[in-house]
Each structure stands twice: as structure tokens, then as C-alpha cells.
Number of protein chains: 2
Amino acid sequence: MVLIGKKPPMNYVLAVLTLFQNGQDQVILKARGMAISKAVDVSQILKNRFLKDVEVKDIRIGTEQVDNQQTGGKSNVSSIEIVLQRGA
Amino acid sequence: MVLIGKKPPMNYVLAVLTLFQNGQDQVILKARGMAISKAVDVSQILKNRFLKDVEVKDIRIGTEQVDNQQTGGKSNVSSIEIVLQRGA
């Protein structure tokens, strides 16, 4: 699994390419909150420019509880998982 | 279809609720670029707080070409469509 964070999209594109090159045939992109848009970007850059045989096999969205540093309590954040499958 | 833009999420939650109240049993949330995260937020707020019987029936991600005001040319932008189905 590749967890999308604050780095530029190409960092994650490279990470996924490496996993596929090392023999994995499925890689999951995971992101929370504002990084969700970047996860979709990464999946599209991979499909359009690097791995023409990769398919989006599944997309899961949901809500997760995370620690809220300001309030000390819990808050809800949206999440996405994009399952990329090679040779699907 | 509800196109997610720059307004707060609750504006779109209200728009979807209105469409369901007017008898639609399926509503598509559509967003491009950074608004993709907000579209997922809207779907989760609806499911978790307002419409317990609504299911995410399908999620489609893709790439669209939009006019780039700075360059005058075209540029790629990611897009998402989240299909919300009532009583699925």
C-alpha cells in the first residue's frame, strides 16, 4: 500500500512503479482528507503515462476517526483506497 | 448531477437532500481537481448523518481536458463521479 501524503504526486508515482517492478501485480493507493485528490491524480498519471496495462480494479471510500491535535478528541476524516491491478 | 465547486460541503449536502426529497432515487456527485476530496466528504456526511439508506453504488475516476487560462491551451485534470443510490 502507498499512503499519499504531502509530497509531490511524482514521488508516489515512482513508489508505485517500483512496487510493480518488484513483482507486485496489485498496489493500493490510500489517502485521507485533502490528499484524496492527489491519490486520484497519481492513479491517472500512472494509467495515462506510465502503465497502460494497469486498471483501476476497485475504489473504496469511507470515514475514519483520527486524533484531533487541537481539541485532543477525535474527528472524522474521509478516506479513499484505489486498487490498481496490473494486467487486469 | 451535483457538480462540487468552491462552496462549503453543506451546500452540496443540501442540494443532494433536495433531489432525493423530490423523488430521485439516484444522485451523482461530480468533481474535478482539488474538489474531489470535498465530493468524498459530501458523500460521507450524507451517508453518516442524513441518509442511512443511501449506498455508494459506483465510483468512477478519470481524466478530463480543460481550458488552461494561463497557457491558453488544454490541461489534464482528474475527475470523480460518485453515484449515490437510495434504498440500494
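Each chain has its residues counted from 1, following the order in which its sequence is written. Chain letters and ligand numbers both follow the written order, the letters beginning at A and the numbers at 1. It should be noted that, the model being predicted, local features are given only for residues of pLDDT at least 70 and side-chain atom pairs only at 80 or more, the latter also being counted only at that level, while totals for whole chains, interfaces and linings use all residues. No hydrogens and no water enter the side-chain calculation; it runs on all heavy atoms of the structure.

Asks: Explain the UniProt feature "modified residue: N6-acetyllysine" (unreviewed entry) in chain A to me, please; I cannot follow it from the model alone.
Replies: All names here are of chain A. Under the present numbering, the feature "modified residue: N6-acetyllysine" (unreviewed entry) in UniProt falls on Lys6. On the secondary structure map, Lys6 appears in the loop between β1 (2-3) and α1 (9-21). Non-local contacts of Lys6, meaning those with residues more than four positions away in its chain, are made with Tyr12 and Lys38. UniProt positions are given in the numbering used here, feature names are shortened, and annotations may be inferred rather than shown by experiment. By the criteria applied, helices consist of DSSP H or I runs no shorter than four residues and strands consist of E runs no shorter than two, each listed in order from the N terminus. We call two residues contacting when some pair of their heavy atoms lies within 4.5 Å.

Asks: What is the right way to look at the interface of chain A and chain B in this model?
Replies: How large an interface is tends to be reported as the accessible area lost when its parts come together. Taken together, the contact pairs 19 residues of chain A with 19 residues of chain B. Buried area: the accessible surface (1.4 Å probe) lost by two parts on joining, summed over both. With both chains or domains summed, chain A and chain B bury close to 1,400 Å², and 63% of this area falls on carbon and sulfur atoms. When the area that chain A buries against chain B is broken down by residue, the three leading residues are Ser37(A), Ile59(A) and Ile61(A), summing to 37%. Each reported salt bridge corresponds to a side-chain nitrogen of Lys or Arg within 4 Å of a carboxyl oxygen of Asp or Glu. Across the contact surface, chain A and chain B share 0 salt bridges. Listing elements by their share of the side of chain A that touches chain B, those giving two or more residues are α2 (35-50), β3 (54-67) and β4 (74-86) of chain A. If one sorts the elements of the side of chain A that touches chain B by residue count, α2(A) sits on top with 8 residues. Under this grouping Gly is polar, as are all residues other than the nonpolar Ala, Val, Leu, Ile, Met, Phe, Trp, Tyr, Cys and Pro and the charged Asp, Glu, Lys and Arg. Split into classes, the residues belonging to the side of chain A that touches chain B amount to 9 nonpolar, 9 polar and 1 charged.

Asks: I would appreciate a short explanation of α2(A) in the present structure.
Replies: An α-helix turns once every 3.6 residues. As a result, residues three or four positions apart point the same way. Counted at 1.5 Å a residue, the expected span for α2(A) with its 16 residues is 22 Å, and the 21 Å between its end C-alpha atoms agrees. Taken together, the buried positions of α2(A) are occupied by Ala35(A), Ile36(A), Ser37(A), Lys38(A), Ala39(A), Val40(A), Val42(A), Ser43(A), Gln44(A), Ile45(A) and Leu46(A). The inward-facing, buried residues of α2(A) contact α1, β2 (26-32) and β4 of chain A together with α2 (35-50), β3 (54-67) and β4 (74-86) of chain B. Here a helix's expected span is defined as the number of its residues, less one, multiplied by 1.5 Å. Relative accessibility under 20% of the residue-type maximum defines a buried residue, over 50% an exposed one, and the middle range a partly exposed one, all with a 1.4 Å probe and only protein chains included.

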